Each structure stands twice: as C-alpha cells, then as structure tokens.
Amino acid sequence: MTLTGESIIGFKRGARHDETFYGFNPATGEPLEPVYWAASADEIEKSVQLAAKAFAEYRCTSGTRRAAFLRQIAANIEALGEPLITRATAETALPAGRIQMEIGRTCNQLRMFAALLDEGSWVDARIDRANPQRTPAPKPDVRSMLRPLGVVVVFGASNFPLAFSTAGGDTASALAAGCTVLVKAHPAHPGTAELVGLAIQDAVKTCNLPEGVFSLLYGAGNQLGEMLVQHPLVKAVGFTGSRQGGLALMRLAQARPEPIPFYAEMSSVNPVFILPGAMRERRDQLINGLHTSVTLGAGQFCTNPGLVFLEDDANASAFAEKLGELMKTSMPFTMLTEGIATVYQQSVTARASHATTLAVNRETTGTSCQTTAALFQTEAQRFLQQAELGEEIFGPTTLLIKHSSRDELLNAARALEGQLTATIHGTEQDLAEFSDLIAILETKAGRLVFNGFPTGVEVCPAMVHGGPFPATSDGRSTSVGTRAIFRFTREVCYQDFPDTALPEELRNENPLGIWRMIDGGLTRDAIA
Ligand code: NAP
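So, here is what we can say about the structure in this document.

## Let's talk about the sheet that holds strand 17 (residues 374–379)
Logical step 1: Ordered by their spatial adjacency, seven strands build an open sheet running 15-17-18-13-12-19-20, and the pairing between neighbours is mixed. Every interior strand has two partners, whereas the edge strands, strand 15 (356–360) and strand 20 (445–450), have only one. Across the sheet, the mean angle from the axis of one strand to that of its neighbour is 20°, orientation sign disregarded.
Logical step 2: Direction of pairing for strand 15 relative to strand 17: antiparallel, over a ladder of four bridges.

Set out below in structure tokens:
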C-alpha cells in the first residue's frame with residue numbers, strides 16, 4: 001500500500017495544501033517520506049458533516065452488523081502485515097516485537113467489542129411494566145437502554161501508535177457504541193495512522209456502511225484539535241496525552257455553548273508500596289522487577305511506576321544501591337519524539353534540585369531523542385512538602401520515598417493525586433497490617449495491583465484503565481475493557497411506547513435474547 005500523506009475524509013482523500021509536516025525516525029533523526037498535508041478548514045468541516053450525516057444511519061445498525069464491521073477492521077489491519085510493522089518501528093523506534101504485540105492487542109480489542117455486541121446485553125435494557133390499576137395514580141410502562149452519543153473525536157496517542165491510536169480503544173469502543181469517529185492522527189506516527197486509517201476506510205466500504213462513519217485528519221499544531229473539539233456537531237472526545245494538552249482541550253470542551261464529555265487520560269505516577277514483609281522475603285526479585293517495569297518502552301507508559309514507597313531501614317539502603325547500579329548500566333533509550341525527550345531531560349534536571357540523585361548517566365551518542373535512565377530518592381516528609389515530587393516524569397525514571405513511620409506512609413498516600421494504578425507488594429500479614437493503606441489507595445486509583453507491576457494492561461472485560469483526576473478527566477470511566485463503551489452512550493427512556501416502535505432490545509418478545517432487568521429482576525425471558 002503506497003502512502004500519500006493526505007487525510008482520509010469519508011471515502012475520499014484530502015487535498016494538498018500549504019501546511020505540511022513529515023514523520024520522523026527518532027533512531028536516525030531522518031524525516032520519513034511522504035510529506036503529510038494538514039487538513040484545511042473546509043476539509044475539517046466536510047469530515048464533521050459527513051460523520052454527522054452517517055451517524056443518523058449508523059446509530060440504527062444492529063449490534064451484529066457493527067460486530068462484523070469491527071472484525072473486518074481487525075482482519076484488514078492483520079492483512080497489512082510487514083509494511084505496517086516496518087513503518088511503525090521507523091516512526092517510533094519501538095522494537096518490531098512490541099509493534100507486533102500492539103497489533104495483536106489492537107485486533108483483540110476490536111474482537112472483544114465485537115463479542116460484546118454479538119451478545120447484546122451491554123445496552124443495559126430495563127423494563128418496568130405498567131400497572132393501570134395502581135392507586136392513587138396508574139403506573140406507566142417505562143423502558144430504557146443505552147444509546148450512542150453521536151460524532152466522537154479521538155486523539156491518537158504518541159506512545160501507543162496502534163492500541164491507543166487510529167483503531168485503538170477509543171475508536172473501537174465509540175464505533176461499537178454506534179458513534180461515528182473522527183481521528184486526529186498523532187503527528188509522531190502519521191504513516192502508521194494512514195495505513196490503519198485506510199484499513200478502516202476499506203472495512204466501512206466492505207460492510208456497506210455509510211460514508212463518514214470514519215475519517216482521519218492530519219495537522220501538526222493545535223488548530224486541528226481545537227477546531228474539532230469546538231465543532232457543534234461533535235458530541236464527545238477521547239484523548240490520551242499530556243496533562244497540559246488534555247486540560248487545554250478539556251476547557252475548550254466545557255466552554256462550548258453546548259459542553260460535551262471529554263474523556264482524557266493524562267497524568268499518572270502509579271505509586272508502588274513495598275511493605276516490610278515483601279522487602280524481607282524477596283528484595284532482589286523486587287529490584288529486578290521494578291527496574292524492568294520502569295525502563296520498559298523507555299518508560300513511556302502511562303502506567304510507569306514513578307514513585308516507590310519503602311520503609312527506611314538497612315534493606316531500603318541496599319535496595320536503593322542495587323537499583324541505582326542497574327539504572328546506571330541501562331543502555332541509552334531512544335524516545336518517541338524529540339519533544340518528549342527534551343521534556344524528560346528538563347524534568348530529570350529539575351528533580352535533581354528537589355531529591356537526591358542515585359543514578360543518572362547523561363552520556364549519549366545518538367540522536368536528540370536519546371536519553372538515559374535516572375533514579376532519585378527522598379524522604380516522606382520532603383515528599384509531603386514538595387508538590388513537584390508527585391508529578392509525572394514521562395520516561396525511564398522513578399523516585400524512591402523512604403518513610404520512618406506508618407503514619408508518614410499513610411499521610412504520603414493520602415497526599416497522592418488520582419492515579420491509574422497503585423501497587424502493593426506484601427505478604428498476607430502485610431496486607432492485614434496495612435488494610436488502612438489499601439482503603440486509602442482505593443480512593444486514589446482505578447486499578448490496584450498486588451505483588452506485580454503496573455506496566456502491561458490486560459485487555460479484558462473487567463479491566464479498568466482510568467482513575468480520579470488527573471489520571472483521567474472523569475474518574476468514573478475506563479479507556480480499556482468493555483466498560484469503555486459506556487463513555488460514548490447515554491440512557492434513553494421510552495414511556496408508554498407501543499411495542500413495534502421500541503428498539504428490538506426493549507420489545508416484549510426479547511428477539512435478541514439478551515439479559516434485561518424486568519421489574520427489578522435480571523432475566524432473558526420474553527414478556528407474555
Ligand atoms: P500531547 O502533547 O498532549 O499531544 C497529544 C495530542 O493532543 C496531539 O495530537 C496534539 O496535537 C494534541 N494537543 C496537545 N495539546 C493541544 C492543545 N493545547 N490544543 C489542541 N491540541 C493539542 O502529548 P504527546 O505528544 O503524546 O506527549 C507529550 C507528553 O504527554 C509526554 O511527555 C507525557 O508527559 C504525556 N503523555 C502522557 C500519557 C499518559 O497516558 N499519561 C501518554 C502519552 C503522553 P499537536 O501536537 O498536533 O498539537
């Protein structure tokens with residue numbers, strides 16, 4: 001498949017205007033052909049209009065039809081084969097194995113939503129039957145279910161060129177819900193976005209769905225994103241990226257004449273708590289596990305463990321020393337973009353003025369995207385006084401925080417901002433002794449991990465990849481797992497509607513055989 005660098009607008013391609021940019025190979029510093037052409041204001045308008053028009057038809061498609069569409073997208077992505085892997089590795093410097101894994105994850109995710117749609121009960125159908133004899137007032141027939149929101153804008157993420165980008169979790173869940181989707185391609189991997197975008201465009205055609213169900217727009221600079229978020233026909237947004245960018249766009253979404261839901265995944269430091277029993281029993285194992293988790297993918301994971309709490313004793317000193325040695329000897333990392341590498345270096349330099357540096361090795365010989373790992377240490381009291389120490393540094397670094405009392409530890413936990421994850425390493429006795437810590441962490445994080453590491457998010461129905469602000473803009477939501485679909489729906493209630501005018505999910509005979517709540521009880525029975 002030849003890349004042309006134009007936006008995908010429904011079934012057509014965008015025109016070539018003045019504003020252009022290139023993809024970039026972070027490992028060599030070379031620009032990558034072809035040139036990418038930013039969408040014009042007219043093209044942005046056209047794609048939103050198409051998406052809104054298509055929504056009128058797409059929202060009424062059956063779950064099984066949308067399931068077939070999602071499976072077709074997955075099959076088309078798999079059929080892209082080697083050229084997708086080659087382009088994605090060139091644009092990101094991520095190894096081929098990681099890209100292959102991400103392709104698998106992306107396709108599994110699409111198929112997971114397809115299975116959800118085929119089963120059908122996700123719509124949360126509820127029926128409360130009428131009682132005309134009720135006194136003093138008769139009871140009406142009330143039925144409700146989830147319906148799609150409308151046109152959804154998705155911002156591709158820099159750090160997951162596939163699984164959180166063009167056909168990633170936000171796109172899959174919005175399309176599954178019955179929404180039409182406009183993706184703003186991340187400028188760090190335009191070619192990967194184009195290949196996947198064309199695979200989706202082809203699936204729309206193959207499945208005889210209306211033009212406008214999907215479009216992919218290019219633009220390097222804030223203007224495209226701002227225009228999309230503010231467009232009156234856009235009804236929701238999915239975003240993964242920086243806290244700064246997420247907050248700026250969230251404010252725009254809220255300041256619209258019609259404010260819309262803005263689901264941003266932004267900033268998380270994913271604290272790890274090493275409790276005394278675990279430290280005594282398996283210190284070396286914890287050091288190796290933590291080192292692998294912190295440096296995985298050059299630390300460019302939203303679940304990277306950025307804070308590690310440990311009791312201040314001889315074990316902690318040995319732990320810090322050995323982890324420091326491992327961090328110092330880590331090979332230099334090539335980060336996704338020059339911008340991300342620069343912010344990482346600046347943040348590491350700034351951290352050194354607030355915490356003790358245990359390991360930093362700035363010697364690199366590669367491109368300006370190359371960085372090295374860093375390890376810092378501080379005390380719980382200092383952590384409580386310096387808000388900067390709780391901020392995310394996106395890259396291969398972590399901060400050890402030593403506490404000298406249980407109260408110090410609990411106070412530090414209470415002071416944490418909202419997180420995607422919190423991890424506890426402990427024995428059963430530790431768990432019993434620190435039940436109050438776990439109670440605090442439940443209020444802070446979307447996912448609690450026991451005796452593991454937070455990097456690596458399993459794609460499965462029960463997964464929660466969300467958390468209180470600033471981990472996400474809405475802590476009631478998740479962007480991974482089947483519940484991600486709920487972000488792009490709203491409840492609609494039908495009162496005293498004739499059976500034939502109801503959606504199939506709410507009809508008396510239950511033609512889809514789904515689970516429904518009838519008069520307060522769950523059943524798959526029809527209504528006589
Ligand atoms: P980013 O700078 O927030 O950009 C993400 C997307 O949002 C891009 O498409 C960008 O488009 C757009 N955007 C950003 N600010 C905007 C604004 N004010 N108005 C309109 N559009 C805007 O994030 P990034 O490039 O992926 O990575 C940079 C930093 O994000 C990292 O250093 C890291 O701190 C953080 N990050 C966090 C996570 C996480 O899950 N916690 C994941 C990835 C990145 P343009 O560039 O075209 O304007």
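## Some words on unusual backbone geometry
If a residue is not glycine, its phi is most likely negative; likewise, a peptide bond is most likely trans.
Logical step 1: Here the bond from Glu 33 into Pro 34 is cis, since omega is 0°, no more than 30 degrees from zero.
Logical step 2: Structurally, the position occupied by Pro 34 is in strand 4 (residues 31–37).
Logical step 3: For the bond from Phe 469 to Pro 470, the omega torsion is 5°, close enough to zero to count as cis.
Logical step 4: With respect to the helices and strands, Pro 470 occurs in the loop between strand 20 and strand 21 (489–495).
Logical step 5: Even without being a glycine, Ala 93 presents a positive backbone phi close to 65°.
Logical step 6: Residue Asn 451 is not a glycine yet carries a positive backbone phi of 50°.
Logical step 7: Looking at the secondary structure, you find Asn 451 in the loop between strand 20 and strand 21.

## So, the sheet that holds strand 21
Note on sheets: strands pair through backbone hydrogen bonds, and any given pair is parallel or antiparallel.
Logical step 1: Read from one edge of the open sheet, five strands run 21-6-5-22-23, paired in mixed fashion. Bordering the open sheet on either side are strand 21 and strand 23 (521–523), each of which pairs with just one other strand. Each strand of the sheet is rotated relative to its neighbour by a mean of 25°, with strand direction disregarded.
Logical step 2: Here three bridges tie strand 5 (residues 126–128) to strand 6 (residues 142–148), and the two strands are oriented antiparallel to one another. Across the sheet, residue Arg 126 finds its bridge partner in strand 6, namely Ser 144.

## Let's talk about the nonpolar core
Logical step 1: Within the largest apolar cluster, 114 residues are counted, with the highest numbers of intra-cluster contacts made by Phe 69, Leu 70, Ile 73, Ile 77, Phe 113, Phe 309 and Leu 437.
Logical step 2: Those residues in contact with Phe 69 that lie beyond four places of it in its chain are Tyr 58, Leu 175, Ile 200, Ala 203, Val 204, Cys 207, Leu 209 and Val 213.
Logical step 3: Grouped together as the second largest cluster of nonpolar side chains are 25 residues, Ile 44, Val 48, Val 234 and Met 250 included.

## Examining the layout of surface pockets
Space left empty within the atom packing is revealed by a probe, the size of a water molecule, rolled over the atoms.
Logical step 1: Considered as a void within the structure, the largest pocket measures approximately 1400 Å³ in volume.
Logical step 2: What lines the largest pocket is a set of 45 residues, among which Gly 241, Ser 242, Arg 243, Gln 244 and Gly 245 lie closest to the centre.
Logical step 3: Among the secondary structure elements, those contributing two or more residues to the lining of the largest pocket are helix 7 (222–230), strand 10 (234–240), helix 8 (243–255) and helix 11 (338–351).
Logical step 4: Each pocket or cavity is described by its volume, and for the second largest pocket that value is around 390 Å³.
Logical step 5: Mapped by element, the contributors of at least two residues to the lining of the second largest pocket are helix 2 (63–80), helix 4 (96–119) and strand 6.
Logical step 6: A per-class count over the lining of the second largest pocket returns 11 nonpolar, five polar and seven charged.

## Some remarks on the pattern of salt bridges
Logical step 1: Taken as a whole and judged by the stated rule, the model has 18 salt bridges.
Logical step 2: In this structure, Arg 71 and Asp 118 form a salt bridge, with 2.9 Å as the shortest nitrogen-oxygen distance. Residue Arg 71 is found in helix 2, and its partner Asp 118 is found in helix 4; the two are separated by 47 residues along the sequence.
Logical step 3: Between Glu 258 and Lys 235 there is a salt bridge, with its nearest N and O atoms 2.9 Å apart. With a gap of 23 residues between them, Glu 258 in the loop between helix 8 and strand 11 (262–265) and Lys 235 in strand 10 connect regions that are remote in the sequence.
Logical step 4: A residue is classified by how much of its surface remains accessible, and Glu 258, at 38% relative accessible area, is partly exposed.

Reading the values: the criteria
- Residues numbered from 1 in each chain as written.
- Predicted model: local features only at pLDDT ≥ 70, side-chain atom pairs only at ≥ 80, totals over all residues.
- Heavy atoms only, no water.
- Pairing = 2+ DSSP bridges.
- Helix = DSSP H or I, 4+ residues; strand = E, 2+ residues; numbered from the N terminus.
- Axes fitted to C-alpha atoms, helices over the stretch in contact; angles between N-to-C directions.
- Core = buried A, V, L, I, M, F, W, Y, C linked by side-chain atoms within 4.5 Å.
- Buried < 20%, exposed > 50% of the residue type's maximum accessible area, 1.4 Å probe, protein only.
- Contact = heavy atoms within 4.5 Å.
- 1 Å grid on protein atoms, 1.4 Å probe; cavity = no way out; pocket = protein on both sides within 12 Å on 5 of 7 lines; lining within 4 Å.
- Points joined across faces, edges and corners; volume = space filled by probe spheres on them.
- Nonpolar A, V, L, I, M, F, W, Y, C, P; charged D, E, K, R; others polar.
- Salt bridge = Lys/Arg side-chain N within 4 Å of Asp/Glu carboxyl O.

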